[in-house]
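These are the residues of each chain, in order.
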Amino acid sequence: MALMVFAVALSAGSCRRAVEKAADKIRFLGVEKFERQGLTGAEVVVRIDNGSAYNLSLASAEIGIYYGDSRVGTVVLCDPVAVPRRTALSVATRWRLQISDPLALYLLARKARAGDFGQVFVSCAVEGRGGPAPVKFLREKMPLSDFLNTFGLSIQDVANYLK
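Here the structure is a predicted model, which is why all the values come from computation and not from measurement.

(A) Focus on the overall build of the chain. Looking only at helices and strands, the chain features 5 helices and 8 strands. When each of the 163 residues of the chain is scored for burial, the buried share is 40%. Considering only intrachain contacts with a sequence separation of at least 6, the fraction spanning at least 24 residues in the chain is 62%. Element-wise, carbon and sulfur atoms account for 52% of the exposed surface of the chain, whose accessible area totals about 8,800 Å².

(B) Unusual backbone geometry, seen in detail. Phi at arginine 86 takes a positive value of approximately 50 degrees, unusual for a residue other than glycine. Of note, arginine 86 is situated in the loop between strand 5 (81-83) and strand 6 (87-99).

(C) Looking closely at the pattern of salt bridges. Counted under the stated rule, the structure contains 6 salt bridges. Among the ionic pairs, aspartate 49 bridges to arginine 27, the shortest N-O distance being 2.5 Å. Of the two residues, aspartate 49 sits in strand 2 (residues 41-50) while arginine 27 sits in strand 1 (residues 26-37), which places them 22 residues apart along the sequence. The exposure class assigned to arginine 27 is partly exposed, which follows from its relative accessible area of 47%. Its salt-bridge partner being aspartate 79, residue arginine 94 comes within 2.9 Å of it at the nearest N-O pair. Of this pair, arginine 94 sits in strand 6 while aspartate 79 sits in the loop between strand 4 (70-77) and strand 5, and the two are 15 residues apart along the sequence. Given the relative accessible area of 34%, arginine 94 is considered partly exposed. For aspartate 79, a relative accessible area of 34% translates into the label partly exposed.

(D) Layout of the side chain of serine 123. Tracing the chain through its elements places serine 123 in strand 7 (residues 120-130). A distance of 3.4 Å separates polar atoms of two side chains, one belonging to serine 123 and the other to glutamate 140. With residues near it in sequence (within four places) discarded, serine 123 still touches Glu62, Ile63, Gly64, Tyr66, Arg139, Glu140 and Lys141.

(E) How the structure looks around the environment of glutamate 43. Structurally, the position occupied by glutamate 43 is in strand 2. With 50 residues separating them along the chain, glutamate 43 and threonine 93 place their C-alpha atoms 5.6 Å apart. A distance of 3.3 Å separates polar atoms of two side chains, one belonging to glutamate 43 and the other to lysine 33.

(F) Spatial organisation of the pairing of strand 2. With respect to burial, strand 2 is a largely interior element, 9 of its 10 residues being buried. Bridge count for strand 1 against strand 2 is 10 bridges, and the pairing is antiparallel. Paired with isoleucine 26 across the strands is asparagine 50, a residue of strand 2. Of the pairings in the sheet, the one linking strand 2 to strand 6 comprises 10 bridges and is antiparallel in character. Among the inter-strand pairings, valine 44 is bridged to a residue of strand 6, identified as threonine 93.

Definitions and cut-offs
Residues numbered from 1 in each chain as written. Predicted model: local features only at pLDDT ≥ 70, side-chain atom pairs only at ≥ 80, totals over all residues. Heavy atoms only, no water. Helix = DSSP H or I, 4+ residues; strand = E, 2+ residues; numbered from the N terminus. Buried < 20%, exposed > 50% of the residue type's maximum accessible area, 1.4 Å probe, protein only. Contact = heavy atoms within 4.5 Å. Areas by Shrake-Rupley, 256 points an atom, 1.4 Å probe, with all protein chains shown as cover. Salt bridge = Lys/Arg side-chain N within 4 Å of Asp/Glu carboxyl O. Polar contact = N/O pair within 3.5 Å; in protein donor to acceptor, adjacent residues only side chain to side chain. Pairing = 2+ DSSP bridges.

Structure follows, in structure tokens:
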């Protein structure tokens, strides 16, 4: 997930011609593995194709999860991630959930089991580098479905990973 967010950030973070060309050559190929680690951790292995001439690095990523107006928690990237230039590879990323409101988490879990994601929103903040360009990307409270569509994922994909 980390590099998915990074690829979007790279494409949206600057209008310099080199960055735009590089962003066109970076593709998210899919989630290969999702493995929960305890109650609040996960390892996500994603496949990335970096066809650009630049090394990519993701220094930090935070994804805020909301149910309605209540902040449920924040999913934080545990370790920086890098993808060398002109390579396609699988990258393991580690994430940790920091719970802000246990009651909202309980309500979200109930709604998720019922397949009701209509009141779920996501904010994200990403920092990294795409070769010569620093990348900072912020989005506030976008619907979960819109966030997932950015990466070619669906609500059903999330439901399958959470089982």
